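Commentary on secondary and tertiary structure
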Amino acid sequence: MMPHPVVIKIGGALLDDEKAARQLMTRIKTLQQHRAVIVVHGGGPMVETMMTGMGLTSEKVDGLRVTPDAHMPVVCGALAGSANKQLCALAIGAGITPTGLSLMDGNMITCQAIASELGAVGQATPNSSVLLELLIGEQFLPVISSIGCSKNGRLLNINADQAATAVAQLMGAELLFLSNVEGVLDEHGQRLATLDKAQLASLVQTGVITDGMKVKTDAALQAALQLKRPVFIGSWHTDPEALLNATTGTKIQPEATKAGDNS
Ligand SMILES: Nc1ncnc2c1ncn2[C@@H]1O[C@H](COP(=O)(O)OP(=O)(O)O)[C@@H](O)[C@H]1O
Ligand SMILES: CC(=O)N[C@@H](CCC(=O)OP(=O)(O)O)C(=O)O
């Protein structure tokens, strides 16, 4: 039986480190030999740069960028344009055949605006796996940006961690979040190997997990509980295989951790 596909979420800051990006693509190519892989990516730093270049500013609320509809051409340009095409080009450079997509392609993910105060920011719900099944059946690498749209055709900006969770749910996939940190860190900056729902809540409550990591651990926990399997958070410098084997990074557990598991 074929193993489950793997959804790899790549934080946008990877695009500032060409060497690491090329190495990761080479590792994805190796992983593709025995697993179907799907990439979902962010591009927060690229959005910032393009907005600044146009004299625009934005703020984040609970890790989500407040996005007026008028900013969507810039946000789409950064995420579905530059970031997506840069990653596709890096994939080509590693000998992979990529297909650049957004959440709305093939109607794979349905999105819905969250709250008027956030503007064109949405939440993502799995809808149709037909397109992704076709692509991975042909050994293509889907490279999916976190731009979505609502049922009535409004473009929406989706946090890329939440987008990756919806895609993993859609495909019943394993889920890896690759970021610029080695995993979830404790108050001393030490990596935490395993975390469950109660431990995450406590780290948020004590202010150890904040900002983008709060969004990421919320998304990871939601996926772990729904998929009933661990979800991994780690660095893009590590091999995705090592993360899947939990020899590095942080494993978000769907069930309560037994005492001593985190040593
Ligand atoms: N407890 C924590 N452990 C690790 N990173 C944390 C923690 N709390 C907050 N962070 C911040 O979260 C960042 C990762 O989230 P984010 O920037 O959104 O990543 P990405 O863009 O890859 O999704 C880290 O670089 C760090 O600044
Ligand atoms: C609503 C919202 O916050 N959208 C994010 C989408 C990109 C993203 O999540 O990029 P990273 O993974 O690089 O952080 C944003 O505009 O920055």
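Notes on the structure follow. Everything numeric here is computed off the predicted structure, so don't read it as measured data.

Topic: the site of ligand 2
Lining the immediate surroundings of ligand 2 are 16 residues, of which Gly12, Gly42, Gly44, Arg65 and Ala160 lie closest. Residue assignment for the shell around ligand 2 shows that the elements contributing at least two residues are helix 2 (44-53), strand 4 (64-65) and helix 3 (72-93). Classifying every residue of the shell around ligand 2 by side-chain character gives 6 nonpolar, 9 polar and 1 charged.

Topic: helix 5 (residues 160-171)
Along an α-helix, residues three or four positions apart point the same way, because every turn accommodates 3.6 residues. With 12 residues, helix 5 extends 16 Å from end C-alpha to end C-alpha; this agrees with the ideal 16 Å at 1.5 Å per step. Where burial is concerned, most of helix 5 is hidden: 11 out of the 12 residues are buried. Of the residues making up helix 5, those classed as buried are Ala160, Asp161, Gln162, Ala163, Ala164, Thr165, Ala166, Val167, Ala168, Leu170 and Met171. Residue Gly172 follows helix 5 closely and has a positive phi angle near 55°.

Considering helix 4 (residues 130-137)
Within the span of helix 4, buried status applies to Leu132, Leu135 and Ile136. Looking straight down helix 4, one finds that the buried residues subtend no more than 90° of arc, so they occupy a single side. The exposed residues of helix 4 that point more than 90 degrees off its buried face are Val130 and Gly137. For helix 4, the elements touching its buried residues are strand 2 (37-41), strand 5 (98-102), strand 8 (141-145) and helix 5. Phi for Gln139, located one or two positions after helix 4, is positive at around 60°.

A short note on the site of ligand 1
Contacts to ligand 1 come from 18 residues, most closely from Gly11, Ser179, Leu185, Gly212 and Met213. By residue number, the principal contributor to the shell around ligand 1 is helix 7 (residues 211-227), which donates 4 residues. Tallied by class, the residues present in the shell around ligand 1 amount to 7 nonpolar, 8 polar and 3 charged.

Regarding the sheet that holds strand 5
Read from one edge of the open sheet, 8 strands run 5-8-2-1-11-13-14-12, paired in mixed fashion. Each edge of the sheet is formed by a strand with only one pairing partner; in this case those strands are strand 5 and strand 12 (194-195). Both strand 11 (residues 174-179) and strand 13 (residues 231-235) contribute to a ladder of 4 bridges, which runs parallel. Along strand 13, the bridge assignment pairs Phe177 with Ile233. Contacting strand 2, strand 5 and strand 8, helix 4 runs over the sheet at an angle of about 140° to strand 8.

Considerations on the packing of helix 1 (residues 18-31) against helix 3
Viewed as axis vectors pointing N to C, helix 1 and helix 3 meet at an angle of 60°, and their least axial separation amounts to 9 Å. By the angle between their directions, the pair helix 1 and helix 3 is classed as oblique. Note that helix 1 runs across helix 3; the crossing there is right-handed. Residues Ala21, Arg22 and Met25 of helix 1 form the contact with helix 3, whose participating residues are Leu90, Ala91 and Gly93.

What counts and how
- Residues numbered from 1 in each chain as written.
- Chains lettered and ligands numbered in written order.
- Predicted model: local features only at pLDDT ≥ 70, side-chain atom pairs only at ≥ 80, totals over all residues.
- Near = placed C-beta within 6 Å.
- Helix = DSSP H or I, 4+ residues; strand = E, 2+ residues; numbered from the N terminus.
- Nonpolar A, V, L, I, M, F, W, Y, C, P; charged D, E, K, R; others polar.
- Expected span 1.5 Å × (residues − 1).
- Buried ≥ 20, exposed ≤ 12 C-beta atoms within 10 Å, placed from the backbone.
- Arc of directions from axis to C-beta.
- Contact = placed C-beta atoms within 7 Å.
- Pairing = 2+ DSSP bridges.
- Axes fitted to C-alpha atoms, helices over the stretch in contact; angles between N-to-C directions.
- Parallel < 35°, antiparallel > 145°, perpendicular 65-115°, else oblique.
- Left-handed = near helix turned anticlockwise from the far one by under 90°.

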